[in-house]
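# Residue-level structural notes
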Amino acid sequence: PAQIGRRVSHGMFSVRGVKYKTDVMPMGMGGEVQVLTLGIVLRRQVSSTIIKFVLPVAVLVLGSTLGYHVDDDKASASGRVGLGIMCVMTQLGFGIMTMNSLPKIAYITWLDWFTTFSFFFNCFALLEYGIVCYLNLNKRVKEGDVWDVKARVYVPIAYLSFCFLMTIIGVFMWSSEPQLGSHL
């Protein structure tokens, strides 16, 4: 039988199981060869990804919501836009760093969903300021102020709710054991 030594370890993965099967396959000229097929179930250690990517992105998004507290007059525009663009660009940099450090896979993961929605929240800060500026330029300052006040309250609450929901989903996904394919 196939076994993995007890001391086998890897910094990014933990071994969750081993499954094997043996087959006899025909070879040319009437011969046979015995083939061993081995499957190893690995689970990624996520603590590093959470500390290096998820927490900084969440802080960036919450930082971008601070822009809602900057006055919406022309003198403060550069600070508000600069904060929003800095948060978006920094998140893009984190995304590129993460894509380069994780294995390439062909399906959407929890981290992809988290990153995408966090990016939308970051971009919304710039979009909201654009709406407020448009309203102010069209002499609808009261409506712009209402947008700002609502954004100050509801966007951080919505993002923290999103983070809480994603944490629940992540814990649920993490608690289920990965399975080996049925072909073994």
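Residues numbered from 1 in each chain as written. Predicted model: local features only at pLDDT ≥ 70, side-chain atom pairs only at ≥ 80, totals over all residues. Heavy atoms only, no water.

### Thoughts on the overall build of the protein chain
A count of helices and strands for the protein chain gives four helices and two strands. Seen in sequence order, the protein chain has helices and strands lined up from the N terminus as β-β-α-α-α-α. For 184 residues, the compact-globule estimate of 2.2 N^0.38 gives 16 Å, and the protein chain exceeds it by more than 25% at 25 Å. Expressed as a percentage of the 184 residues in the protein chain, the buried residues total 26%. The contacts in the protein chain between residues at least 6 apart in sequence include a share of 69% that link residues at least 24 apart. In the protein chain, 16 side chains carry a positive charge and 11 a negative one; their mean positions are 8 Å apart. (Helix = DSSP H or I, 4+ residues; strand = E, 2+ residues; numbered from the N terminus. Rg over C-alpha atoms; globule rule 2.2 N^0.38 Å. Buried < 20%, exposed > 50% of the residue type's maximum accessible area, 1.4 Å probe, protein only. Contact = heavy atoms within 4.5 Å. Lys, Arg positive; Asp, Glu negative; His and termini not counted. Charge placed at Lys NZ, Arg CZ, Asp CG, Glu CD.)

### Topic: the nonpolar core
Nonpolar side chains tend toward joint burial in soluble globular proteins. Ranked by size, the top nonpolar core spans 16 residues in total, and within it Phe114, Phe121, Tyr159 and Phe162 carry the most contacts. Those elements that provide at least two residues to this core are helix 1 (47-64), helix 3 (110-137) and helix 4 (141-175). Broken down by element, the residue count for this core peaks at six residues, all from helix 4. If we skip the residues at most four places from it in the chain, Tyr159 touches Val57, Ala58, Val61, Leu62, Phe114, Ser118 and Phe121. (Core = buried A, V, L, I, M, F, W, Y, C linked by side-chain atoms within 4.5 Å.)

### Digging into the side chain of Thr65
Locating Thr65 in the fold gives a position in the loop between helix 1 and helix 2 (77-101). Residue Thr65 is classed as buried on the basis of its relative accessible area of 7%. Thr65 has contacts with Val155 and Pro156, leaving out every residue within four places of it along the chain.

### Concerning the pattern of salt bridges
In total, this model carries four salt bridges according to the counting rule given. As a salt-bridge pair, Asp23 and Lys21 come within 3.9 Å of each other at their nearest N and O atoms. (Salt bridge = Lys/Arg side-chain N within 4 Å of Asp/Glu carboxyl O.)

### Notes on the layout of surface pockets
Within this model, the largest pocket holds a volume of roughly 1500 Å³. Taken together, 40 residues make up the lining of the largest pocket; nearest its centre are Arg44, Thr109, Trp110, Leu111 and Asp112. Looking at the lining of the largest pocket, the elements that each hand over two or more residues are strand 2 (32-44), helix 1, helix 2, helix 3 and helix 4. Residue composition of the lining of the largest pocket, grouped by class: 26 nonpolar, ten polar and four charged. Taken as a whole, the second largest pocket holds about 220 Å³ of empty space. Element by element, the count of residues in the lining of the second largest pocket is highest for helix 1, at four residues. The residue makeup of the lining of the second largest pocket, split by class, is four nonpolar, five polar and two charged. (1 Å grid on protein atoms, 1.4 Å probe; cavity = no way out; pocket = protein on both sides within 12 Å on 5 of 7 lines; lining within 4 Å. Points joined across faces, edges and corners; volume = space filled by probe spheres on them. Nonpolar A, V, L, I, M, F, W, Y, C, P; charged D, E, K, R; others polar.)

### Looking at the packing of aromatic side chains
Scanning all chains against the criterion turns up nine aromatic pairs. Summarising the aromatic geometry, the rings of Phe53 and Phe94 are spaced 6.1 Å apart at their centres and angled 80° between planes, so their arrangement reads as edge-to-face. Residue Phe53 is found in helix 1, and its partner Phe94 is found in helix 2; the two are separated by 41 residues along the sequence. Both rings, one in Phe117 and one in Phe162, keep their centres 5.6 Å apart while their planes meet at 40°; by these two values the pair is tilted. Of the two residues, Phe117 sits in helix 3 while Phe162 sits in helix 4, which places them 45 residues apart along the sequence. By relative accessible area, Phe117 is classed as partly exposed at 34%. Residue Phe162 is classed as buried on the basis of its relative accessible area of 11%. (Phe/Tyr/Trp six-rings, centres within 6.5 Å; stacked < 30°, edge-to-face > 60°.)

### Thoughts on the packing of helix 1 against helix 3
Between helix 1 and helix 3, the least distance of the axes is 9 Å, while the angle of their chain directions is 20°. By the criterion of interaxial angle, the relationship of helix 1 to helix 3 is roughly parallel. Helix-helix and strand crossings are classified by hand; for helix 1 and helix 3 the assignment is left-handed. Residues Thr49, Phe53, Val54, Val57, Ala58, Leu60, Val61 and Ser64 of helix 1 pack against Trp110, Leu111, Phe114, Thr115, Ser118, Phe121, Asn122 and Ala125 of helix 3. Classifying every residue of the contact of helix 1 with helix 3 by side-chain character gives eleven nonpolar, five polar and no charged. (Axes fitted to C-alpha atoms, helices over the stretch in contact; angles between N-to-C directions. Parallel < 35°, antiparallel > 145°, perpendicular 65-115°, else oblique. Left-handed = near helix turned anticlockwise from the far one by under 90°.)

No statement about biological role is implied by the geometric values presented.
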